Amino acid sequence: MKLAVHPHRGRKTVSRREAERQLAAREAQLRFYFEQSPEGIWRLDLERPLPVATPEAEQIEHLYRYAQVAECNLAMARMFGFERRHDLVGARLADLLPREEPRSRHLPAFIRSGYRLTEAESHEGDREGRRRFFVHTMIGRGENGQLESAWGTQTDVTERRLLEEELRQGSAELLAADRHKDEFLAILAHELRNPLAPIRNAVEVMRGAGLPDPALRQAREIVDRQVRQLARLVDNLLDVSR
């Protein structure tokens, strides 16, 4: 007795196996990105789904009470001061996000955005009291009018923000120094102008007296030329200060 051979059955089995292999490869790539990404990546699950028609204040209370970390990568754990991601998994939102922290203000924005919040920035202190700056993305997932979970990323932009602050501070210091320089030049010009008038008057008196000694007349002319030169320098200083 011969068994019937179905030529297409073998190809279907191979195709299914190939599809499974490709799916496993994609999952491995996603898992590698998830674990190695410098961005913090997290997922919150709700023990009790959240009806989206609930008033905002009640939704926030619900999130604090029932949302907990179901998954995160190592980068996310380190942003909270942990060395292992498993130390963060299982933590409740209320434990991670005290109401007085800047990030807590993202919850109303998350709800009002239809559970799709992007490029939300916060600054806060870490466990050592150092300032940290983060950019957040939060995307909710649910069905039948209920929120069941949320995915998100958290990017540490502390170095960039501190550099921007340093540049702004340096620019402000340069502007202040420039103002002080202008004030100094203006004061110097006025202080130099004050003695010029009596010196010039003295030269005119000497000229009107008709000094007979050639040496004295030469000295008078020298003084006159230097006074005029100094007056031009003072005028230039005033122009620069203006």
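Rules behind the numbers
Residues numbered from 1 in each chain as written. Predicted model: local features only at pLDDT ≥ 70, side-chain atom pairs only at ≥ 80, totals over all residues. Heavy atoms only, no water. Pairing = 2+ DSSP bridges. Helix = DSSP H or I, 4+ residues; strand = E, 2+ residues; numbered from the N terminus. Buried < 20%, exposed > 50% of the residue type's maximum accessible area, 1.4 Å probe, protein only. Contact = heavy atoms within 4.5 Å. Core = buried A, V, L, I, M, F, W, Y, C linked by side-chain atoms within 4.5 Å.

## With respect to the pairing of strand β1 (residues 40-51)
Examined bridge by bridge, β1 and strand β5 (residues 146-156) share eight bridges and lie antiparallel to one another. If you follow Gly 40 over to β5, its bridge partner there is Gln 154.

## Here's the deal with helix α2 (residues 56-66)
Listing the buried residues of α2 in full gives Gln 59, Ile 60, His 62, Leu 63, Tyr 64 and Tyr 66. For α2, the secondary structure elements touched by its buried residues are β1, β2 (67-72), α4 (93-96), α5 (106-112) and β5.

## Some remarks on the nonpolar core
Core analysis: the biggest nonpolar cluster contains 27 residues, and Trp 42, Leu 63, Leu 88, Leu 93, Leu 107 and Phe 110 have the highest contact counts within it. Residue assignment for this core shows that the elements contributing at least two residues are β1, α2, β2, α3 (74-79), α4, α5, β3 (116-125) and β5. The greatest single-element share of this core, amounting to four residues, is contributed by β1. Look past the residues within four positions of Trp 42 in its chain and what remains in contact with it is Glu 71, Cys 72, Met 76, Thr 137, Met 138, Ala 150, Trp 151, Gly 152 and Thr 153. Residues Ala 189, Leu 196, Ala 231 and Leu 238 belong to the second largest nonpolar core, which totals six residues.

## Points about the pairing of β5
Two strands pair when backbone bridges link them, and strand β4 (residues 131-143) and β5 are joined in this way by ten bridges, in the antiparallel orientation. If you follow Phe 134 over to β5, its bridge partner there is Asp 156. Remark: two residues form the turn of the hairpin made by β4 and β5, two consecutive strands paired antiparallel; Asn 144 in that turn has positive phi of roughly 55°.

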